[in-house]
Amino acid sequence: MTSRTLKIGPISPAAEGPLYEQIVAGVKREVAASRLLPGAALPSVRALAAELLVSVITVKRAYEELERGGIIFSRQGLGTFIADAGAEETRRSGCDAARQHLRDAARAAREAGLSEKDLLDLLRKEF
Amino acid sequence: MNAVTLTHVERRLGGFALGPLSLEVPRGAVTAFIGPNGAGKTTTLDLIMGLGTADAGGIEVLGFSMPRDEVAIKSRVAYVSPDLNYTAWGKVGRVLDFVRGFYPDWNAARCTQLMQEFGIARGEGIAALSFGARIKLSLVIALARDAELLVLDEPTVGLDVNARQVLFREILDFVKRDDRAVLISSHQLSDLERLADYVALINRGKLVTMGRMDALVGRYVQVDAAMANGALPRLDGIKILDHDGDWCRLLLDRKAIEPSALAARGFTVTSETPMTLEEVFLALVDKP
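Residues numbered from 1 in each chain as written. Chains lettered and ligands numbered in written order. Predicted model: local features only at pLDDT ≥ 70, side-chain atom pairs only at ≥ 80, totals over all residues.

On to helix H6 (residues 161-174) of chain B, then. With 14 residues, H6(B) ought to run about 20 Å at 1.5 Å a step, and its terminal C-alpha atoms sit 20 Å apart, in line with that. Along H6(B), the positions that sit buried rather than exposed are Ala163(B), Val166(B), Leu167(B), Ile171(B), Leu172(B) and Phe174(B). (Helix = DSSP H or I, 4+ residues; strand = E, 2+ residues; numbered from the N terminus. Expected span 1.5 Å × (residues − 1). Buried ≥ 20, exposed ≤ 12 C-beta atoms within 10 Å, placed from the backbone.)

Attention now goes to unusual backbone geometry. Phi is mostly negative for residues that are not glycine, and the peptide bonds are mostly trans. All names here are of chain B. Omega for the bond connecting glycine 19 with proline 20 falls within 30 degrees of zero, at 5°, which places this linkage in the cis form. Along the chain, proline 20 falls in strand E2 (residues 16-25). In this chain, methionine 66 is followed by proline 67 through a cis amide linkage whose omega measures 5°. Relative to the elements of secondary structure, proline 67 occurs in the loop between strand E5 (64-66) and helix H2 (70-74).

Take the environment of Asn37(B) next. Topologically, Asn37(B) is positioned in the loop between strand E3 (29-34) and helix H1 (41-48). Given 8 C-beta atoms within 10 Å, Asn37(B) falls into the exposed group.

All names here are of chain A. Running from N to C, helix H1 (residues 19-32) and helix H4 (residues 86-111) point in directions that differ by 115°, and their axes come no closer than 9 Å. The way H1 lies across H4 gives a crossing that is left-handed. For the pair H1 and H4, the contacting residues are Lys28, Val31 and Ala32 in the first and Gly86, Ala87, Thr90, Arg91 and Gly94 in the second. Considering only residue class, the contact of H1 with H4 consists of three nonpolar, three polar and two charged. (Axes fitted to C-alpha atoms, helices over the stretch in contact; angles between N-to-C directions. Left-handed = near helix turned anticlockwise from the far one by under 90°. Contact = placed C-beta atoms within 7 Å. Nonpolar A, V, L, I, M, F, W, Y, C, P; charged D, E, K, R; others polar.)

At the junction of the two partners, chain B supplies 16 residues and chain A supplies 12 residues. Contributing elements (two or more residues each) for the side of chain B that touches chain A: E3, H6, helix H7 (189-195) and helix H8 (213-219) of chain B. In terms of residue count, H6(B) provides more of the side of chain B that touches chain A than any other element does, four residues in total. Along the lines of polarity and charge, the residues of the side of chain B that touches chain A split into eight nonpolar, one polar and seven charged.

Another point: H1(B). All names here are of chain B. Along H1, seven of the eight residues are buried, which leaves the element largely enclosed by surrounding structure. Of the positions making up H1, those classed as buried are Lys41, Thr43, Thr44, Leu45, Asp46, Leu47 and Ile48. A positive phi of about 75° marks glycine 50, the residue just after H1.

Residues and elements named next belong to chain A. On the basis of which strands lie adjacent, the open sheet formed by three strands has the order E1-E3-E2 and antiparallel pairing. With one partner strand each, in any of the chains shown, strand E1 (41-42) and strand E2 (72-75) form the two edges of the open sheet. Together, E2 and strand E3 (79-82) form the strand contacts of helix H3 (residues 56-68), whose direction differs from that of E2 by roughly 110°. (Pairing = 2+ DSSP bridges.)

The next subject is the sheet that holds E2(B). Residues and elements named next belong to chain B. A sheet is described by the order of its strands in space; here four strands give the open sequence E2-E1-E4-E5, paired in antiparallel fashion. If you trace the sheet from one side to the other, it starts and ends with E2 and E5, each paired once. Across the sheet, the mean angle separating the axes of adjacent strands is 30° when strand polarity is ignored. Two strands pair when backbone bridges link them, and strand E1 (residues 4-13) and E2 are joined in this way by seven bridges, in the antiparallel orientation. Looking at E2, one finds that arginine 11 is bridged to leucine 18. Against the sheet, H1 makes contact with E1, E2, strand E4 (56-61) and E5, and its axis sits at roughly 120° relative to E1, the strand it touches most.

Turning next to the nonpolar core. Residue and element names in this part refer to chain B. Among the nonpolar cores identified, the biggest contains 99 residues, and Val140 and Val182 are the most heavily contacted of them. If we ignore the near neighbours within four places in the chain, the residues touching valine 182 are Val30, Thr31, Leu150, Leu152, Ile171, Phe174 and Val175. Counting seven residues, the second largest nonpolar core, distinct from the first, contains Ala225, Cys248, Leu250 and Phe267. (Core = buried A, V, L, I, M, F, W, Y, C linked by C-beta atoms within 7 Å.)

The next point concerns the pairing of E3(B). Residues and elements named next belong to chain B. Judged by how many residues are buried, E3 sits mostly within the fold: six of six residues are covered. Along E3, one buried face is formed by Ala29, Thr31 and Phe33 and the opposite face, lined by Val30, Ala32 and Ile34, is buried too. In this sheet, strand E8 (residues 181-185) lies alongside E3 in parallel orientation, the contact comprising five bridges. Across the sheet, alanine 29 pairs through a bridge with alanine 181, a residue of E8. Sheet topology note: the E3/strand E9 (residues 198-203) ladder contains four bridges and is parallel. Residue pairing for E9: isoleucine 34 is matched across the bridge by leucine 201.

Worth remembering: the numbers are spatial, not functional.
Dropping the structure here:
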């Protein structure tokens, strides 16, 4: 089973978060943007490790997390693929993440003495 | 089956005593072997390669026993060390022509490709090679074979950034086959944190810790905290790294205690910082 190379951007200690999370985020980004479609094959763990210059365990951990999140699935002996519900799961987890950040933002705003209107103005500017 | 299993290995060298050391190097993975200077890394790797004999304990390599099966082991293991010296052979080409005769698994096309990648030529005189270029030659010789185990002792010393990247790619290509294994000793801990699946840390001839890289790095966390009553937290799993007034910086072993447990003891945690392998190393290895 051949698979196209993942174009998920460099995995770097200079970027935010542990390396495996960067791989998870990269795959989610590709799925959300429909550059990776349901059924698309992902590289094997070892091939992707060699490509990204990270340890095998790092890629394994990223794939495990993506599988737990329902974004990819693997079939013994066949490989790893984007799940049918992958795009939806990615959007849903993105939505959860946004809500969490908004909750944090609301708390920070309250602590800084901002009103609800101030916060909404800020949000509008950022969006 | 592990690629390498050391069982209670001991070796006495002058005033230095290694072991008893037990160690496992799994297949299909890269294992980092780290420790301060003089910890016994090279002594251990030498024993695995049959350079020197253990005073006690068992050394199993690829299912064979050292020193009994030394020949079988050496034909399956490729070894790189800054101590390898090929100066007597004059030119790079002569060394390659000489060593290839030893190895039935030598791949000439691969050798040519590796020489290109590392940028060394057959006509170069060995005495005139830089330290880094000599390492490159050792790497070419090790990687041009179809070995099952790659033992690398300080393979990045003197290598430029480019050659280091080539080496990392080669290492990860090597373990694409999950019956092979890499054991690498280096002081470039940030490289190893990225590349290695497993890590064994030794100090003063003894094993400090061994396990998955992500587990080791994730197990410890640095916490800055304010003390409520001015007393330092002398608890299992806590190492005090620094303190000043009511401020303290702690190393927490999360297996023993989570940062959240500090609050219950009257501490205000002001920051929680994940650690790099380098920081874990510094925290676990006592200063001489």
